[in-house]
Amino acid sequence: MPGIEIPRHLLPADGRFGCGPSKVRPEAVGSLAAQASSLLGTSHRQATVRDLVGRLQDGLRQLFSLPEEYEVVLGNGGTTAFWDAATFSLIESRSQHLSFGEFSSKFAAAAKAAPHLAEPEIIVSEPGTHPVARADRGIDAYALTHNETSTGVATEIARPRDDDGQVADGLVLVDATSAAGGLRVDPAEFDAYYFAPQKCFGSDGGLFAALCSPAAVERIERTERWAPAFLDLKIALSNSRQRQTYNTPALATIFLFAEQVEWFNSGGGLEFAAGRADASAAVIYAWAEASSYARPFVAVPSERSHVVATIDFDDSLEAARVAKVLRENGIVDTEPYRKLGRNQLRIALFPTIEAADVEALTSCIDYVVEQL
Ligand SMILES: *Cc1c(COP(=O)(O)O)cnc(C)c1O
């Protein structure tokens, strides 16, 4: 029995608020179960799975309104593998990275460690803020992060400019792992918009998708340096064109991913999905601003993420204890990002999550705080 029992009428219908893996829609799981015997355990080189991969690629094209000549590249290993692949196939010599949290700093570290690349330029800002990219002739790839999941800071995706307003000619590579499918974006502003499906796409991890512009495709095809086959985007690209992955993918992951993309598209596309995140964001930030003991961690309102909220607590209250009591009551994964080390809760607002459940969560937090 939990020490503090939250009254049942206050509890959300679904207690999953983690930022990845995140809530998977029960309808998608049901649909997987219904189709399992003709899908799971079948060859990924045959029509059933390749048609599913094709459906996923077409669905992503529609969701992001991709221009005809953009390509949807898929591969195994998730975003972390994509970073390593990018150091071989997308960064020609020197990259610029905006580093403002755990995830954005990791790609910067990968580029810095790659012996075949020049020293990257890394522009850092404090957690809870974000730096701004600067166009520079010596840079051939700009690494941006649409949403820094560790801190709850969202950015606007735009091609970097120099002091005279000239647009950069390097590739714009965007880590959109927690943003894709939850925040709005214009494909004209990126060359590779890459992500994994365990966040807004309510699926499992282990896969990456990269929406690539003709310039990114050209860079991938032109690069001649050796790359391990698993990290060679040329190989990923040629397999993706045949609606398959280089090695065996997780079929359930692809299925749940495609289901979510189709759910978004049938509801009205990216505007529908982002609108759901907006509704949850409105609830959580209004509550935090009105609260006597909690407040949004991100100071600038326009930078507060609509897919991941970080809420600071007064020093007199231990957020970790609140998260623990919530967990004992079936409300999971509200703990802060461990390395950030702040007295806060981190709450996913992905489109899968109901705004009404976020509302219920705030009542539960208030109840627990009162009891503590
Ligand atoms: C979750 C996340 C990652 C890591 O994704 P993996 O698929 O686990 O490699 C990278 N970047 C951002 C912004 C994330 O939110």
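As the structure is a prediction and not an experimental result, all values here were calculated from the model.

Reading the values: the criteria
- Residues numbered from 1 in each chain as written.
- Predicted model: local features only at pLDDT ≥ 70, side-chain atom pairs only at ≥ 80, totals over all residues.
- Heavy atoms only, no water.
- Buried < 20%, exposed > 50% of the residue type's maximum accessible area, 1.4 Å probe, protein only.
- Helix = DSSP H or I, 4+ residues; strand = E, 2+ residues; numbered from the N terminus.
- Arc of directions from axis to C-beta.
- Contact = heavy atoms within 4.5 Å.
- Polar contact = N/O pair within 3.5 Å; in protein donor to acceptor, adjacent residues only side chain to side chain.
- Near = heavy atom within 4 Å.
- Nonpolar A, V, L, I, M, F, W, Y, C, P; charged D, E, K, R; others polar.
- Expected span 1.5 Å × (residues − 1).
- Bend = angle between axes of the 7 residues up to and from the residue.
- Phe/Tyr/Trp six-rings, centres within 6.5 Å; stacked < 30°, edge-to-face > 60°.
- Lys NZ or Arg CZ within 6 Å of the ring centre and 35° of its normal.
- Core = buried A, V, L, I, M, F, W, Y, C linked by side-chain atoms within 4.5 Å.
- Domains from an automatic or database assignment.
- Salt bridge = Lys/Arg side-chain N within 4 Å of Asp/Glu carboxyl O.

## A closer look at helix H6 (residues 233–241)
Stage number 1. For H6, every residue scored as buried is listed here: Leu 233, Ala 236, Leu 237, Asn 239 and Ser 240. Looking down the long axis of H6, one finds its buried residues gathered within 165° of arc, a one-sided arrangement.
Stage number 2. Tucked inside the fold, the buried residues of H6 contact helix H2 (47–63), strand S1 (71–76), helix H3 (78–89), strand S9 (207–212) and helix H5 (214–222).
Stage number 3. Structurally, the start of H6 carries an N-cap: the backbone nitrogen of Lys 234 is 2.9 Å from a side-chain oxygen of Asp 232.
Stage number 4. Immediately downstream of H6, the backbone of Arg 243 shows phi near 60°, a positive value.

## Observations concerning the site of the ligand
Stage number 1. Around the ligand, the surrounding shell holds 13 residues, and the nearest of these are Thr 80, Thr 149, Asp 175, Gln 198 and Lys 199.
Stage number 2. At a separation of 2.4 Å, an oxygen atom of the ligand approaches a polar side-chain atom of Thr 149.
Stage number 3. Per-element tally for the shell around the ligand: the top contributor is H3, with four residues.
Stage number 4. Of the residues assigned to the shell around the ligand, the class counts are three nonpolar, eight polar and two charged.

## As for unusual backbone geometry
Glycine aside, residues mostly have negative phi angles, and peptide bonds mostly take the trans form.
Stage number 1. For the bond running from Gly 20 to Pro 21, omega is -5°, close enough to zero to count as cis.
Stage number 2. We note that Asp 333 has phi near 65°; this positive angle belongs to a residue other than glycine.
Stage number 3. Structurally, the position occupied by Asp 333 is in the loop between helix H9 (319–328) and strand S12 (344–348).

## Focus on the environment of Thr 177
Stage number 1. For Thr 177, the position within the fold is in the loop between strand S7 (171–175) and strand S8 (192–195).
Stage number 2. Using a relative accessible area of 9% as the deciding quantity, one classes Thr 177 as buried.
Stage number 3. Taking the C-alpha atoms as reference points, Thr 177 and Ser 104, 73 residues apart in sequence, are found 11 Å from one another.
Stage number 4. Contacts of Thr 177, omitting those with residues within four sequence positions, involve Thr 79, Tyr 194, Phe 195, Ala 196 and Lys 199.
Stage number 5. Reaching out from Thr 177, the side chain makes a polar contact with the side chain of Thr 79 at a distance of 2.8 Å.
Stage number 6. At 2.5 Å, the side chain of Thr 177 forms a polar contact with the side chain of Asp 175.

## Considerations on helix H1 (residues 26–39)
Stage number 1. A rise of 1.5 Å per residue sets the reference length of H1, with its 14 residues, at 20 Å; its end C-alpha atoms lie 18 Å apart and thus fit the reference within 8%.
Stage number 2. Ala 33 marks where H1 bends most, by close to 40°.
Stage number 3. Among the residues making up H1, those that are buried are Ala 28, Ser 31, Leu 32, Ala 36 and Leu 39.
Stage number 4. Trailing H1 by a residue or two, Gly 41 shows a phi angle of about 80°, which is positive.

## A few points about the packing of aromatic side chains
Stage number 1. For the coordinates displayed, the defined rule picks out 19 aromatic pairs.
Stage number 2. Aromatic side chains Phe 82 and Phe 208 sit 5.1 Å apart centroid to centroid with 65° between the ring planes, which places their arrangement in the edge-to-face category. Here Phe 82, found in helix H3, pairs with Phe 208, found in strand S9; they are 126 residues apart in sequence, far enough to count as distant. Phe 208 carries the same exposure label as Phe 82, and that label is buried.
Stage number 3. Among the aromatic residues, those joined into a cluster by ring pairs are Phe 64, Tyr 70, Phe 190, Tyr 193, Phe 195, Phe 201, Phe 257, Trp 263, Phe 264 and Phe 272.
Stage number 4. Lying across the ring of Phe 103, Lys 199 places its NZ or CZ 5.0 Å from the centre.
Stage number 5. A cation over a ring is seen here: Arg 338 above Tyr 337, with NZ or CZ 5.4 Å from the ring centre.

## Describing the nonpolar core
Stage number 1. Ranked by size, the top nonpolar core spans 91 residues in total, and within it Leu 60, Phe 64, Tyr 193, Phe 195, Phe 313 and Ile 365 carry the most contacts.
Stage number 2. Counting residues per element, this core draws most heavily on helix H8 (residues 270–290), which supplies nine residues.
Stage number 3. Both of domain 1 (9–24 + 269–371) and domain 2 (27–267) provide at least three residues apiece to this core.
Stage number 4. Setting aside residues no more than four positions away along its own chain, Phe 64 makes contact with Ala 180, Gly 181, Val 185, Pro 187, Tyr 193, Phe 195, Phe 201, Leu 211 and Leu 270.

## A closer look at the domain arrangement of the protein
Stage number 1. Entries for the protein in the domain assignment read domain 1 (9–24 + 269–371) and domain 2 (27–267).
Stage number 2. The interface formed by domain 1 and domain 2 includes three salt bridges.
Stage number 3. Of the charged contacts, one joins Arg 184 and Asp 278 as a salt bridge, the two residues approaching to 2.9 Å between their closest N and O atoms.
Stage number 4. The interface formed by domain 1 and domain 2 holds 13 residue pairs in polar contact (both at pLDDT 80 or more) in total.
Stage number 5. It is H8 that contributes the most residues to the side of domain 1 that touches domain 2, nine residues altogether.
Stage number 6. Among the residues making up the side of domain 1 that touches domain 2, the classes are represented as 17 nonpolar, eight polar and eight charged.

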